[in-house]
Amino acid sequence: MSKNLYDLFRGRFPADLGQPFIETVDGHVFTYGDLDEASGRIANLLTGLGVSPGDRVAGQVEKSPQAVFIYLACLRAGAAYVPLNTAYRRGELEYFFSDAKPTVVVCRAEFEAETKGIADTCGVVHVLTLDEAGGGSLTERSAGLSADFATIERRADDLAAVLYTSGTTGRAKGAMLSHDNLAANALTLHKAWGWKPGDVLLHILPVFHTHGLFVAIHCVLLNGSPMLFMGRFDADDVIKLLPRATVMMGVPTHYTRLLAAPGFTAGVCRNMRLFISGSAPLLSETFHAFEERTGYTILERCGMTETGMNTSNPLDGDRIAGTVGLALPGVEARVTDDDGTVLPVGDTGVLEIRGPNVFKGYWQMPEKTAEEFRSDGFFITGDIARIDDKGYVTIVGRAKDLIITGGFNVYPKEIELLIDEMDGVDESAVIGLPHPDFGEAVGAVIKSRDKGLDGETITGYLKDTLANFKVPKRIYFVDELPRNSMGKVQKNMLREQYKDTFTGSS
Ligand code: AMP
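Residues numbered from 1 in each chain as written. Predicted model: local features only at pLDDT ≥ 70, side-chain atom pairs only at ≥ 80, totals over all residues. Heavy atoms only, no water.

Enquirer: Could you clarify how one ought to interpret the pattern of salt bridges in this entry?
Expert: It is possible for side chains of opposite charge to pair when their charged atoms get near one another. Tallying each qualifying case throughout the model produces 26 salt bridges. Measuring nitrogen to oxygen at the nearest pair gives 3.4 Å for the salt bridge that ties Lys368 to Glu372. Here Glu372 and Lys368 lie together in helix 12 (residues 366–372), a separation of four residues that amounts to about one turn. The class of Lys368 is partly exposed, set by a relative accessible area of 21%. Glu372 sits in the buried class, given a relative accessible area of 7%. Of the charged contacts in the structure, one is a salt bridge between Lys491 and Glu416, with a shortest N-O distance of 2.7 Å. Here Lys491, found in helix 15 (residues 491–497), pairs with Glu416, found in helix 13 (residues 412–421); they are 75 residues apart in sequence, far enough to count as distant. Considered together, Lys491 and Glu416 belong to a single accessibility category, that of buried residues. Connected via shared salt-bridge partners are Arg334, Glu352, Arg374 and Asp376. (Salt bridge = Lys/Arg side-chain N within 4 Å of Asp/Glu carboxyl O. Helix = DSSP H or I, 4+ residues; strand = E, 2+ residues; numbered from the N terminus. Buried < 20%, exposed > 50% of the residue type's maximum accessible area, 1.4 Å probe, protein only.)

Enquirer: Looking at this model, I keep getting lost on the domain arrangement of the protein. Mind explaining?
Expert: Think of interface size as the accessible area that goes away when the parts come together; that is how it is often given. Under the domain assignment, the protein is made up of domain 1 (28–154) and domain 2 (403–497). One C-alpha centre belongs to domain 1, the other to domain 2; they are set 43 Å apart. (Domains from an automatic or database assignment.)

Enquirer: Would you explain unusual backbone geometry in this entry?
Expert: Located in the positive-phi region is Lys101, a residue other than glycine, with phi close to 45°. Tracing the chain through its elements places Lys101 in the loop between helix 4 (90–100) and strand 5 (104–107). With a phi angle near 85°, Ser279 is a residue other than glycine that sits in the positive phi range. Positionally, Ser279 belongs in the loop between strand 12 (274–277) and helix 11 (284–294). A relative accessible area of 14% means that Ser279 is categorised as buried.

Enquirer: Looking at this model, I keep getting lost on the nonpolar core. Mind explaining?
Expert: Generally speaking, nonpolar side chains in soluble globular proteins are found buried as a group. Core analysis: the biggest nonpolar cluster contains 85 residues, and Phe21, Leu35, Tyr71, Leu72, Trp193, Leu221 and Met249 have the highest contact counts within it. Ranked by residue count, the leading element in this core is helix 3 (residues 65–77), at ten residues. In contact with Met249, other than residues within four places in its own chain, are Trp193, Trp195, Leu201, Leu202, Ile204, Leu205, His211, Val215, Ala216, Cys219, Tyr255 and Ile276. Counting residues in hydrophobic clusters, the runner-up holds 27 residues, among them Val238, Leu242, Met248 and Val268. (Core = buried A, V, L, I, M, F, W, Y, C linked by side-chain atoms within 4.5 Å. Contact = heavy atoms within 4.5 Å.)

Enquirer: What is the right way to read the sheet that holds strand 15 (residues 326–327) from this model?
Expert: Sheets are built from strands that pair by backbone hydrogen bonding, the pairs being arranged parallel or antiparallel. In spatial order, the strands read 2-1-10-9-11-12-13-14-15; together these nine strands make up an open sheet with mixed pairing. Looking at which strands have only one partner, the edges of the open sheet turn out to be strand 2 (29–31) and strand 15. Judged from the two bridges that link them, strand 12 and strand 13 (residues 299–304) form a sheet pairing that is parallel. In the sheet register, Ser277 faces strand 13, and the bridge partner there is Glu300. Set on the sheet, helix 2 (residues 32–48) makes contact with strand 1 (20–24) and strand 2; between it and strand 2 the angle comes to about 75°. The sheet strands contacting helix 3 are strand 1, strand 2 and strand 10 (227–229), and the helix crosses strand 1 at an angle near 145°. (Pairing = 2+ DSSP bridges. Axes fitted to C-alpha atoms, helices over the stretch in contact; angles between N-to-C directions.)

Enquirer: Honestly, the pairing of strand 22 (residues 425–435) in this entry has me stumped. Any pointers?
Expert: Remember that side chains alternate between the two faces of the sheet whenever the strand is regular. When you tally the buried positions in strand 22, you get nine out of eleven residues, the bulk of the element. By the bridge criterion, ten bridges tie strand 22 to strand 23 (residues 439–448) in an arrangement that is antiparallel. By the bridge assignment, Ile431 is partnered in strand 23 with Gly443. In sequence, strand 22 turns back onto strand 23 through a hairpin of three residues.

So this is what it looks like as structure tokens:
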């Protein structure tokens, strides 16, 4: 039997294909029938351009219903979809195009000339366009084609998508995800989060990342449900749409922005069943403030591009702030030391994951892939974590963020949690900075609402609680911490900005 992921979804569509799949903020409705037809037309266009099963199709497009249809068309045509962040510029595109060698690239109309230039130098033959409103050559050229397309048979291990991620270190790597990887994770999440008839998702995430493209949309498709589809996060729009939704998935920044909006009240949430957060750590403070304002506890989960979702706080049971919950059914999680020895419960080490959700490896990087897997099949995530006696996982940080100062290991999260607790502090990022004596020295970058708060007060407080080598040697105050579109603090930017603090070099 074909393992094409689209067939799995197709079997779950509502019997009445006139039921809504996507409703945009301005009220345009695309039904399940529209989805089936549009993806069929685009699949016909792609195959007509020479896309064969196993080929790659890249999309660097704004969020729109058509962007979702391209992904589904790729599944149907047996191609691997390569979604690209709209923030990527020339240098990055050159790398992605020459690495993935897509047969077709879909770009934004305003970048057509530039993208064609890059495509030419990388040997990519076909460039199509798609604008935010759904226009462009992709739509024009597929409009006259048949909506009938016999979805191509795929095996479980055949590739469905290649997602570029910076992963643990170095240059972006293409994570190869198979039809079965995506199906396994989607079915697990659909069940774990109790999707049921009548659910409506508020979709506010980008569709070039695993969170918005896979986690959110796959749950909706498996449930045959509608989603209210926002082009980008806007607190007023969320407040307007939430009363019609039952499930929302967001990054922590979405929740803090909602809490900052006076119009965000318990009443607005009256129809909601579940708020889910992930992609970056949710501060305990946000978790509790949200509960106080709305009566809901946010369900925090954790995963990554290479694996899909690995852990989740429970739907029924204790959702524990500061943890990312329990390993999902079918997913094994363990914590090891650098040599791969499994550590006792409660010890901090590297998080390793095994399960049907774990990717097939990095695109054309067999050596890199081999380095990131243990011989028994566990994937070394690069997250530092601990697992308590009840199985709850706490992420302490990324291995690459670990600071080694004078030979001592310092986990930034331990210090950040203490700083964040202080009056007047909004949030903090602790980083390692090159130091002539210690190798690295601890530095802290703090967003504070109290302009009177100074570095000495903070170090004074920390000295009472922490070993001296963990206390930041330098503290910077900023208006905002730099974050990417998934809400992750970009520590690499901070390290770059403050790298000369102790060395004095230019
Ligand atoms: P990405 O591949 O872009 O999805 O990034 C994956 C990484 O994001 C993980 O390895 C974690 O370091 C981080 N991450 C995702 N969700 C969470 C979470 N709920 N709490 C803390 N870190 C998270």
